[in-house]
Number of protein chains: 2
Amino acid sequence: MTVLVVGSMALDTIEAPAGRREMILGGAANYFSLAAGHFTPVQLVGVVGDDFPAAHVAALESRGISTAGLQRVAGKTFHWSGRYGDNCNERETLATDLNVFADFKPVLPDSYRATRHVFLANIHPQLQLDVLDQISAPEFVAADTMNFWISGELPLLRRVLQRVQALFVNEGEAHQLSGERNLVAAARAIAAMGPPIVMVKLGAFGALLWWHGELRLVPAFPLTTVIDPTGAGDSFGGGFAGTLAASGRIDLPTLHRAAAFGSVLGAFCCEGFGVERLLHLTRAEIDQRLSKLRQLVAFDT
Amino acid sequence: MTVLVVGSMALDTIEAPAGRREMILGGAANYFSLAAGHFTPVQLVGVVGDDFPAAHVAALESRGISTAGLQRVAGKTFHWSGRYGDNCNERETLATDLNVFADFKPVLPDSYRATRHVFLANIHPQLQLDVLDQISAPEFVAADTMNFWISGELPLLRRVLQRVQALFVNEGEAHQLSGERNLVAAARAIAAMGPPIVMVKLGAFGALLWWHGELRLVPAFPLTTVIDPTGAGDSFGGGFAGTLAASGRIDLPTLHRAAAFGSVLGAFCCEGFGVERLLHLTRAEIDQRLSKLRQLVAFDT
């Protein structure tokens, strides 16, 4: 089953202990698509400027990602720049130039409107609602968000929460949105706002999955070397939503397995600058790492 | 198989969001013993002052913990006092009165010297060595330590590392001891100093187990309410070493299962002030939570 993603497309400048890269392919929708594309067809909704290299579009299309929903407008592509400290645990944002992304109005091609699986990456909640309004019968919608919308656009975000099956948040966002310091209590409180599924992403510690009052945990795949963690969370989302759409089922074992795939894709993402590892990744490598992840956690009782 | 533990015995004063308790039974050896005692006979080596309530000794003995190695000397028992913030994530030490613990010289009763399984809780590395010198044929020795000994007594600590099979450290100690920021690299570097097994305790995120170059992960059991996390790490140690001694085997599946029992005992410990939850805990409750922990992490590939 196809999965539609709406979110940022960017050109990123990254400084990390392993080196520096200028104006490389980035953005949440892009990371999501390249992760999800390993499992299922992807429809991408986003905007780029007239400086966006055609080779990037070609690279996405060569991996079965539809770019019919990618708007190309006059001006510069969204540019993000950041610097990572030792072991890539700390991140400092150096620049956020929204450029053409500032006026982004998602418009779905007719061919996208019947899509059942949707991932609303982190954009203004009004735009998330606008996308949902253009989809005829959404069946499984997951949304990401951020501290900025929780503090500044809570009423709109609450409307989003009423219309999605899953919310993705990190630990800080979970606390901020729920008012709860305890992660389990936070997930429960967020679920009470609408989404039966809450995924709390814990970075190097994996993720906590809440589903109708049941918990599941997935660890992060332990990496010896982290090159660039940019996009790991969106790659997690892509691995999750992509395998879920491919399976066509929404039950706890399937969600748990999808979260494990998410963890695996998030880890691969960190092993190269930008999307370079996601671009050179085989399904066999993914499956092998999933088996390894299971072995890491499955003890005998 | 019996497990011997040497470490602190204390009277603690705890302030937490859930309340305040004065001069309650505490200390690493005590938490360890009450956790391990659910699985195997325990021999306790420690020191208390003449203010130490006889009822505490009776409580330990009633749970099959031998206190033949517990010295009772003139003076006051070690007293620790701390305050926990919201959700018990942050801890402030208010007082550390070593008292009789300052001059502690562990002496093993003859009946303890043939013991094969040993847990050296966090004490001066010279005392850890002194204990090992009194054991005729130690088979499996695990040691805990802390930042204070890593910075101040590294040569002695390195001698300990040459004589133990397992080292327990938290994340900060792992970085400090190895010079590595990455957890996997840190575990590998510590193993190269001696212990084939390295357990990196990650608090609310569980633990990472390194065994001869192989990794395993155990999550913390997710709790909705944390009353008092004092002693959770030592209870983890007790669950780990206690089940390991009971099994009589040292292989990766057994170590992984032991770490899971450790996680379960650590979580139970947090559910009451001091040792109160460990004292009122059945083997059935432990096994039930172990099964639940496995369910939380074991996804289908």
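Residues numbered from 1 in each chain as written. Chains lettered and ligands numbered in written order. Predicted model: local features only at pLDDT ≥ 70, side-chain atom pairs only at ≥ 80, totals over all residues.

A. Spotlight on the overall build of chain A. Scanning chain A for helices and strands turns up 11 helices and 13 strands. What you see for chain A is a C-alpha radius of gyration of 18 Å, in line with the 19 Å of a compact globule of 301 residues. Along the first, second and third principal axes, the C-alpha atoms of chain A reach 60 × 40 × 35 Å. Put simply, 66% of the contacts in chain A that link residues at least 6 apart link residues at least 24 apart. (Helix = DSSP H or I, 4+ residues; strand = E, 2+ residues; numbered from the N terminus. Rg over C-alpha atoms; globule rule 2.2 N^0.38 Å. Contact = placed C-beta atoms within 7 Å.)

B. Local environment of the relation of the copies chain B and chain A. Note on the copies: chain B fits chain A at an RMSD of 0.0 Å, the axial shift is 0.0 Å, and the rotation between them is 180°. Such values leave the two copies arranged in the relation of a two-fold axis. Within chain B, the C-alpha atom positioned nearest to the axis of rotation is that of A298(B), 2.7 Å from it. A symmetric contact is evident, with 96% of the interface residues of chain B recurring at the interface of chain A. (Least-squares fit on C-alpha atoms with pLDDT ≥ 70 in both.)

C. Fine view of the pairing of strand β2 (residues 10-16) of chain A. All names here are of chain A. Along β2, five of the seven residues are buried, which leaves the element largely enclosed by surrounding structure. Pairing between β2 and strand β3 (residues 19-26): six bridges, direction antiparallel. What sits directly across from I14, in β3, is R21. Between β2 and β3, which follow one another and run antiparallel, lie two residues. Of the strand pairs in this sheet, β2 and strand β6 (residues 78-84) are connected by six bridges, and their pairing is parallel. Note that in β6 the partner of I14 across the bridge is G82. (Buried ≥ 20, exposed ≤ 12 C-beta atoms within 10 Å, placed from the backbone. Pairing = 2+ DSSP bridges.)

D. Layout of the nonpolar core. Formed by 204 residues in total, the largest nonpolar core has its most connected members in V5(A), A187(A), V5(B) and A187(B). Excluding residues within four positions of it along the chain, V5(A) makes contact with A29(A), F32(A), S33(A), V42(A), L44(A), V45(A), F119(A) and A121(A). (Core = buried A, V, L, I, M, F, W, Y, C linked by C-beta atoms within 7 Å.)

E. Seen up close, the interface of chain B and chain A. Each partner contributes to the interface: chain B provides 28 residues, whereas chain A provides 27 residues. Counting residues per element, the ones that place at least two in the side of chain B that touches chain A are α7 (183-191), β13 (214-218), α9 (252-270) and α11 (283-297) of chain B. Among the elements that take part in the side of chain B that touches chain A, α11(B) stands out by supplying five residues, more than any other. Classifying every residue of the side of chain B that touches chain A by side-chain character gives 16 nonpolar, six polar and six charged. (Nonpolar A, V, L, I, M, F, W, Y, C, P; charged D, E, K, R; others polar.)

F. Local environment of the pairing of strand β12 (residues 207-211) of chain A. Residue and element names in this part refer to chain A. Taking burial as the measure, the five residues of β12 include five buried ones, the bulk of the element. Side chains A207, L209 and W211 of β12 all project onto a buried face; the interleaved residues L208 and W210 project onto the opposite face, where all are buried too. Note that strand β11 (residues 197-201) and β12 share five bridges and pair antiparallel. Residue K201 lies in a different strand from β12, and its bridge partner there is A207. Hairpin connection, β11 to β12: the antiparallel pair is bridged by five residues, and G203 has positive phi, about 60°.

G. How the structure looks around the sheet that holds β2(A). Residue and element names in this part refer to chain A. What the four strands build is an open sheet, ordered β3-β2-β6-β7; its pairing is mixed. A strand with exactly one partner marks an edge of an open sheet, and here the two such strands are β3 and β7 (91-97). Averaged over all pairs of adjacent strands, the angle between strand axes in this sheet comes to 15°, irrespective of strand direction. (Axes fitted to C-alpha atoms, helices over the stretch in contact; angles between N-to-C directions.)

H. Inspection of unusual backbone geometry at higher detail. Even without being a glycine, H212(A) presents a positive backbone phi close to 45°. According to the C-beta neighbour criterion, H212(A) is exposed, with 8 such atoms within 10 Å. Backbone geometry places M23(B), a non-glycine residue, at a positive phi of 50°. By the element assignment, M23(B) lies in strand β3 (residues 19-26). M23(B) gets classed as partly exposed once you count the C-beta atoms within 10 Å, which come to 16.

I. Molecular detail of helix α5 (residues 154-161) of chain A. Residue and element names in this part refer to chain A. For α5, every residue scored as buried is listed here: L157, V160 and L161. Along the axis of α5, the buried positions cluster into a sector of 100°, meaning they face one direction only. Looking at the packing, one finds that the buried side of α5 touches α3 (125-133), β9 (140-144), α4 (147-152) and β10 (166-170). (Arc of directions from axis to C-beta.)

J. Focus on the packing of helix α8 (residues 232-247) of chain A against helix α9 (residues 252-270) of chain A. Residue and element names in this part refer to chain A. Running from N to C, α8 and α9 cross one another at 140°; their axes reach a closest spacing of 7 Å. The chirality of how α8 crosses α9 is right-handed. For the pair α8 and α9, the contacting residues are A232, G233, S235, F236, G237, G238, G239, F240, T243, L244 and S247 in the first and T254, R257, A258, A259, F261, G262, S263, V264, L265, G266, C269 and C270 in the second. Taken together, the residues that form the contact of α8 with α9 break down as 11 nonpolar, 11 polar and one charged. (Left-handed = near helix turned anticlockwise from the far one by under 90°.)

K. Inspection of the packing of helix α1 (residues 28-36) of chain A against α8(A) at higher detail. All names here are of chain A. Taken N-terminus to C-terminus, the directions of α1 and α8 make an angle of 40°; their axes are 7 Å apart at the nearest point. Here α8 runs oblique to α1, going by the angle between their axes. Here α1 and α8 pass one another in a crossing that is right-handed. Between α1, through A28, Y31, F32, S33, L34, A35 and A36, and α8, the contact on the second element is made entirely by D234, S235, G237, G238, G239, A241 and G242. Along the lines of polarity and charge, the residues of the contact of α1 with α8 split into seven nonpolar, six polar and one charged. (Parallel < 35°, antiparallel > 145°, perpendicular 65-115°, else oblique.)

L. Here's a closer look at the environment of Q162(B). Along the chain, Q162(B) turns up in the loop between α5 (154-161) and β10 (166-170). A sequence separation of 31 residues divides Q162(B) from M193(B), and the C-alpha atoms of the two residues are 6.9 Å apart.

M. Representation of the sheet that holds β10(B) within the structure. Residues and elements named next belong to chain B. With mixed pairing, nine strands are arranged side by side in an open sheet as β5-β4-β1-β8-β9-β10-β11-β12-β13. The open sheet is flanked by β5 (65-72) and β13, the only strands paired with a single partner. Each neighbouring strand pair of the sheet contributes to a mean axis angle of 15°, computed without reference to strand direction. Where strand β4 (residues 42-48) and β5 come together, six bridges link them in parallel fashion. Its bridge partner being in β5, V42 is matched across the sheet by I65. Packing against the sheet, helix α8 (residues 232-247) makes contact with β1 (3-6), β8 (117-120), β9 (140-144), β10 and β11 (197-201), and its axis sits at approximately 170° to β8.

Scope: geometric values only; no functional claims are made or implied.
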